Amino acid sequence: MMSEYHNYFITSLDLHIVDLEEFQNVGTNISGFQLVDETAPEFEDALFRLSTGLEPSTEREKSYSKAADWNPFIGINITGSMSKAFADVKASLKNRTLVVTTLMNPPYVSLKEDNTLEGNNPYQGYCVDLIEEISKELGFKYKFREVSDHTYGKKNQWGEWNGMIQELIEGKADLAVGDLTVTYERESAVDFTMPFMNLGISILFKKPTRKIPKLFSFLSPLSLEVWVYMVTAFLGVSLFLFIVARFSPYEWTNPHPCDPNPDTLENQFTLLNTLWFTVGSLLMQGCEVNPRAMSTRVVSGIWWFFTLIMVSSYTANLAAFLTAQRLSSPIESTEDLAKQTSIQYGCLQSGSTQEFFKESDIPTFKRMWNFMESARPSVFVESNFKAVERVKKGNYAFLMESTSIEYIVERNCDLMQIGGLLDSKGYGIATPPGSPYRTLLSSTILKLQESGTLQMLKQRWWKNKGKNCTLEVTSQSVSASELGLDNVGGVFLLLFIGLCVACVIVILEFIWKLRRVPLEEREPLCMELSNELKFAIMCKGNTKPIRNEPVLPSNNLSLIQFSSIGNIDSKDTVS
């Protein structure tokens, strides 16, 4: 009980003659009363007569310091100096060993790989370096010790505390350091220094996985309904143009321009040619068939305008669909998290975040607390490490301090922070109630903050020296403009199918043409196919002999008349 956290009033009037030298450096505040006024002349006379005998005692009175005067008329008069008291506390810290209780949670405090060492050597982290910097300024020694129940500190329904707060109250530790949040309830039980780190509650969530593009993703720029209307418009315009071209007299032309009096007229807009014309216009390629009549030109112009708009819209939207790989997250803010029930969310058990939601009067946060409290299985976790593992599995969001999220996201590229900060708070060093070291520690923290030491420590322990998630995201965004086979594979598939169909058609055309050749003048079908394939592959020329085809029988005989410059005998006739 002889420590700086205890104060004593001694009622004996002879306290000033008691040897208290052995209690001088323990930090205990011992106060007493003295009825004799040492400034009175009578006291000086008596002191002079007894100076020789009381000289050793006078040397021992050097350990006392005057704190106040009292008289029955004006009461007590405090004569102590704050600066002197501050200097006395700083002097009392010299060469003292303070017990520091903490909780293992990287990067604040963690064990080194070689944890067989004794003392403070096994521990590392931001808070370990922070205490080291403070100890250099104040000149004290320290010893880290992990809290027995592995909790920060929470008061139960009977008013009893656990965790690091309990060890401070019971005098088992002089300081408590770590990611310990300064709260009103904790401040009523222990004392806190000024915050050495400011933060707020945010959401840790798993990044949405990139969806693999579908085989026919090139169809995505237009909806199914639009594609159906496109096909319908293509068939409808083709049929309408065919009818208009056959109805208009200006689309019927002479098949032989050299013959001024032809027997028949020809219309270039057959059903197949019309379909080929509309397809060529739709694919922005055109064809050899062109309209001649005004009516067919109007139909063609309207169709060209329609295809111009549709193809331009498709091309512009195709680039966005194929190059932009969107990462759409199911939740974007706290409101989104509170409105849904499919994704579970929780926080650390027996922590300040849990207390924040429990005591909050904001409707959104109250609704979130009711959801977390009633969730089964429990959404509360025992440590941040278990929380990260649960978030990685998916369908779970973890509410925690933003500084811890920064550290976790820096080392886990598949995780991300969602939304802003729900509140504003800070981490501070906790001391037992009434500790004389709090003001001194706060001044030192302010000095380290102004010198940039705290920021340097955060960069040292938060920056990941290995894998850099920021660079990885940048490289992915750069390569997003390149189209892979997953994006355009469907086009290649259609091209392959079209080539196969063309092969089938060309074989059918060859067979249909071969049927017109008499059997005695041609070889079997397989042999003819083989010979024709060899001729096509060998590329021996662009010409080949014409095969004779049978003349179709006709019942009508036509006379062929010849004109001649000379006379012709009347008996000579040509049939």
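For clarity, every value in this text was computed on a predicted model and none was experimentally measured. (Residues numbered from 1 in each chain as written. Predicted model: local features only at pLDDT ≥ 70, side-chain atom pairs only at ≥ 80, totals over all residues. Heavy atoms only, no water.)

Let's shift gears to the nonpolar core. Ranked by internal contacts, the top residues of the largest apolar core, which has 83 residues, are Phe 196 and Leu 399. In terms of residue count, the dominant contributor to this core is helix H4 (residues 126–138) (seven residues). Those residues in contact with Phe 196, other than ones at most four positions away along the chain, are Tyr 126, Cys 127, Leu 130, Gly 178, Tyr 427, Gly 428, Ile 429, Ile 445 and Leu 454. (Core = buried A, V, L, I, M, F, W, Y, C linked by side-chain atoms within 4.5 Å. Buried < 20%, exposed > 50% of the residue type's maximum accessible area, 1.4 Å probe, protein only. Helix = DSSP H or I, 4+ residues; strand = E, 2+ residues; numbered from the N terminus. Contact = heavy atoms within 4.5 Å.)

Once that is clear, we can look at the packing of aromatic side chains. Counting across every chain of the model gives 18 aromatic pairs. The interplanar angle of 55° and the centroid separation of 5.4 Å between the aromatic rings of Phe 356 and Phe 365 together place this pair among those described as tilted. On the accessibility criterion, Phe 356 (21% relative accessible area) is partly exposed. Look at Trp 369 and Phe 380: their rings are 5.8 Å apart centre to centre, the planes differ by 45°, and that puts the pair in the tilted class. Of this pair, Trp 369 sits in helix H12 (residues 363–374) while Phe 380 sits in the loop between H12 and helix H13 (384–392); the two residues are 11 residues apart in sequence, bridging distant segments of the chain. Ring pairs connect the aromatic residues Tyr 108, Tyr 126, Phe 196, Tyr 407, Tyr 427 and Trp 462, which therefore count as one cluster. Above the face of the Tyr 396 ring, Arg 390 is positioned so that its terminal group lies 4.4 Å from the ring centre. Lying over the aromatic face of Trp 462, Lys 458 brings its terminal NZ or CZ to 5.8 Å of the ring centre. (Phe/Tyr/Trp six-rings, centres within 6.5 Å; stacked < 30°, edge-to-face > 60°. Lys NZ or Arg CZ within 6 Å of the ring centre and 35° of its normal.)

Turning our attention to the packing of helix H11 (residues 352–359) against H12. Contact geometry for H11 and H12: axes closest at 7 Å, N-to-C directions at 115°. As H11 packs across H12, the resulting crossing turns out to be left-handed. On the side of H11, the interface is formed by Gln 354, Phe 356, Phe 357 and Lys 358, while H12 contributes Phe 365, Met 368, Trp 369 and Met 372. Grouping the amino acids of the contact of H11 with H12 by side-chain chemistry returns six nonpolar, one polar and one charged. (Axes fitted to C-alpha atoms, helices over the stretch in contact; angles between N-to-C directions. Left-handed = near helix turned anticlockwise from the far one by under 90°. Nonpolar A, V, L, I, M, F, W, Y, C, P; charged D, E, K, R; others polar.)

With 81% of its residues at a pLDDT of at least 70, the protein reaches an overall mean of 80. The low-confidence segment residues 52–60 (pLDDT under 50) makes one contact with residues lying over four places distant or belonging to another chain. Long-range and interchain partners of residues 471–483, a stretch whose pLDDT sits below 50, account for nine contacts in this model, where long-range means more than four residues apart. (pLDDT = per-residue confidence, 0-100.)

Moving on to the packing of helix H3 (residues 82–93) against helix H15 (residues 438–450). Axes are the key here: two packed helices are described by the angle between their axes and the distance separating the axes. Where H3 contacts H15, the axes come no closer than 10 Å and their chain directions differ by 85°. For the element pair H3 / H15, the angle class is roughly perpendicular. Together, Phe 86, Val 89, Lys 90 and Leu 93 of H3 and Thr 439, Leu 440 and Ser 443 of H15 make up the contact between the two elements. (Parallel < 35°, antiparallel > 145°, perpendicular 65-115°, else oblique.)

You can see Ser 3 is positioned in the segment before strand S1 (7–10). Classification of Ser 3 as buried rests on a relative accessible area of 18%. In terms of polar contacts, Ser 3 uses its side chain to reach the side chain of His 6, at 3.0 Å. Apart from the residues within four sequence positions on either side, Ser 3 is in contact with Val 26, Gly 27 and Thr 28. (Polar contact = N/O pair within 3.5 Å; in protein donor to acceptor, adjacent residues only side chain to side chain.)

A few words on the sheet that holds strand S16 (residues 396–401). Sheet strands pair via backbone hydrogen bonds, and the direction of the pair is either parallel or antiparallel. The strand order S15-S16-S12-S17 describes an open sheet built from four strands, whose pairing is mixed. The sheet is open, and its two edges are formed by strand S15 (344–347) and strand S17 (415–418), each paired on a single side. Averaged over neighbouring strand pairs, the angle between their axes works out to 30° when direction is ignored. Contacting strand S12 (201–206), S15 and S16, H11 runs over the sheet at an angle of about 100° to S16. (Pairing = 2+ DSSP bridges.)

Another aspect to go through is the side chain of Thr 453. Relative to the helices and strands, Thr 453 resides in helix H16 (residues 453–462). For Thr 453, the residues in contact, after removing those within four places along its chain, are Glu 133 and Leu 448.

Evaluated as defined, the whole model comprises three cavities of 30 Å³ or more. Of the volumes computed, that of the largest cavity is approximately 120 Å³. Along the wall of the largest cavity there are 14 residues; nearest its centre are Tyr 152, Leu 348, Ser 352, Thr 353 and Glu 401. Broken down by secondary-structure element, the contributors of at least two residues to the lining of the largest cavity are H11 and S16. Counting residues per element, the lining of the largest cavity draws most heavily on S16, which supplies four residues. If you trace the second largest cavity, you find it lined by Gly 153, Lys 154, Trp 161, Thr 183, Glu 185, Arg 186, Gly 351, Ser 352 and Glu 355. Those elements that place two or more of their residues in the lining of the second largest cavity are helix H6 (184–187) and H11. Along the lines of polarity and charge, the residues of the lining of the second largest cavity split into one nonpolar, four polar and four charged. (1 Å grid on protein atoms, 1.4 Å probe; cavity = no way out; pocket = protein on both sides within 12 Å on 5 of 7 lines; lining within 4 Å. Points joined across faces, edges and corners; volume = space filled by probe spheres on them.)

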